[in-house]
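Coordinates in review
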Amino acid sequence: ECSDSQIGLLIARYITDNFLKPKSQNHGQKWTVQDDDALWNDRDVCVIQLEQKYQRSISSLVARLNSLKNQNNKWHKRLLAFKGAEFARGMVICNAAHCAVGSPMAMTPKRWSVEDDVCLWHNRECCLNLLVAHFNVEHRTVQERLNDLSGVDMAARHRMLQHVNDDNGGG
């Protein structure tokens with residue numbers, strides 16, 4: 001059974017997946033290293049807010065962040081030279097508090113446990129391919145959940161943050 005927030009999220013995804021939006025103001029504009037640095041610094045902000053701030057589509061922002069996470073990507077290397085220090089993570093660090101067994105070919109969507117969410121969020125600076133391999137799900141599944149945890153689905157974000165707070169003795 002779906003909650004109201006889950007139904008709302010499904011409706012929002014349907015609308016964004018099935019109706020074309022007008023091109024954003026910065027559509028087709030080149031990304032500067034300063035743009036990349038600002039986007040990396042804003043990586044934990046909800047993608048909907050990033051879309052408004054950067055005047056770029058969500059898919060463009062997600063693709064750019066994924067390029068910046070990939071340590072073999074030229075845009076990652078350019079930002080690395082600009083920052084002077086590594087900023088992405090080259091491996092998944094997992095405390096094995098969750099069962100990362102999924103199936104990329106599953107007919108039913110992955111049900112994300114709060115432990116899955118915590119692991120995913122703590123490893124959000126890893127290359128998408130590493131996360132896909134760790135959770136054994138499709139790229140889109142991982143990306144949608146990262147979007148949810150960024151604030152698209154506030155219930156999921158709140159549940160994850162509450163779990164982290166409880167584990168840290170925050171009551």
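Notes on the structure follow. Numbers given to residues run from 1 along each chain, matching the order in which its sequence is written. Restriction of local features to residues with pLDDT of at least 70 applies here, the model being predicted, together with a cutoff of 80 or more for giving and counting side-chain atom pairs; totals for whole chains, interfaces and linings are based on all residues. Note: side-chain values were computed over all heavy atoms of the structure, leaving out hydrogens and water.

Let's talk about the overall build of the protein chain
- Scanning the protein chain from N- to C-terminus turns up nine helices and zero strands.
- Looking at the protein chain alone, contacts between residues at least 24 apart form 61% of all its contacts between residues at least 6 apart.
- Split by element, the accessible area of the protein chain, about 10400 Å² in all, is 54% carbon and sulfur. Here a helix means four or more residues in a row that DSSP labels H or I, a strand means two or more in a row labelled E, and each is numbered from the N terminus. Contact between two residues is taken to exist if any of their heavy atoms lie within 4.5 Å; hydrogens are not considered. Per-residue and other accessible areas were derived by the Shrake-Rupley procedure at a 1.4 Å probe size, with only the shown protein chains allowed to occlude residues.

Re helix α2 (residues 33–41)
- Throughout, exposure labels follow a simple rule: accessible area from a 1.4 Å probe, protein chains only, divided by the maximum for the residue type, with under 20% read as buried, over 50% as exposed, and the rest as partly exposed. Among the residues making up α2, those that are buried are Val33, Asp36, Asp37, Leu39 and Trp40. The arc that holds the buried residues of α2, viewed along the axis, is 165°, so those residues lie on one side.
- Where the residues of α2 are buried, they touch α3 (47–54), α4 (58–69) and α5 (74–83). What the arc measures is the spread of directions leading from the helix axis to the C-beta atoms.

Overview of empty space enclosed by the protein
- With a 1 Å grid spanning the protein atoms alone, the term cavity applies to any set of points in which a 1.4 Å probe fits but cannot get out, the term pocket to an open set with protein on both sides within 12 Å along at least five of seven lines, and the term lining residue to any residue with an atom within 4 Å of a point. Grid points are joined across faces, edges and corners, and a volume is the space filled by probe spheres set on the points. Per the stated rule, a full pass over the model turns up one cavity of 30 Å³ or more.
- Approximately 170 Å³ is the volume attributed to the largest cavity.
- What lines the largest cavity is a set of 14 residues, and nearest its centre among them are Arg43, Leu65, Lys69, Gln143 and Leu146.
- Looking at the lining of the largest cavity, the elements with two or more residues in it are α4 and α8 (139–152).
- Basically, the charged four are Asp, Glu, Lys and Arg, the nonpolar ten are Ala, Val, Leu, Ile, Met, Phe, Trp, Tyr, Cys and Pro, and anything else, Gly included, counts as polar. Of the residues belonging to the lining of the largest cavity, the class tally is six nonpolar, four polar and four charged.

Overview of helix α6 (residues 114–122)
- Burial runs high along α6: seven of the nine residues are buried.
- All of the buried residues in α6 are Val114, Asp116, Asp117, Val118, Cys119, Leu120 and Trp121.

Digging into the side chain of histidine 76
- Relative to the elements of secondary structure, histidine 76 occurs in helix α5.
- Since its relative accessible area comes to 1%, histidine 76 is described here as buried.
- Two N or O atoms count as a polar contact when they lie within 3.5 Å, although within protein this holds only if one can serve as hydrogen donor and the other as acceptor, and sequence-adjacent residues are included solely when both atoms are side-chain atoms. Looking at histidine 76, its side chain comes within polar contact range of the main-chain oxygen of leucine 68, at 2.6 Å.
- Ignoring sequence-local partners within four residues, the contact set of histidine 76 consists of Ser67, Leu68, Lys69, Asn70, Gln71, Glu86, Phe87 and Ala88.

Re the nonpolar core
- By size, the foremost hydrophobic cluster in this structure holds 16 residues, and its most contacted members are Leu120, Leu131, Phe135, Val142, Leu146, Leu149 and Met160.
- Among the secondary structure elements, those contributing two or more residues to this core are α6, α7 (128–135), α8 and α9 (154–167).
- Setting aside its immediate chain neighbours within four residues, leucine 146 contacts Lys69, Leu120, Trp121, Arg124 and Leu131.
- Counting residues in hydrophobic clusters, the runner-up holds 12 residues, among them Val33, Tyr54, Leu65 and Leu79. Joining through side-chain atoms within 4.5 Å is the link that ties buried Ala, Val, Leu, Ile, Met, Phe, Trp, Tyr and Cys residues into a set, and such a set is a nonpolar core.

Concerning the pattern of salt bridges
- Criterion for a salt bridge: a side-chain nitrogen of Lys or Arg within 4 Å of a carboxyl oxygen of Asp or Glu. Enumeration according to the criterion identifies 11 salt bridges in this entry.
- Note that arginine 78 and aspartate 36 form a salt bridge whose closest N and O atoms lie 2.8 Å from each other. Of this pair, arginine 78 sits in helix α5 while aspartate 36 sits in helix α2, and the two are 42 residues apart along the sequence.
- Between lysine 110 and aspartate 116 there is a salt bridge, with the nearest N and O atoms lying 3.1 Å from each other.
- We classify aspartate 116 as buried; its relative accessible area is 3%.
- Linked through salt bridges whose partners overlap, the residues forming this network are Asp117, Arg145, Asp148 and Arg159.

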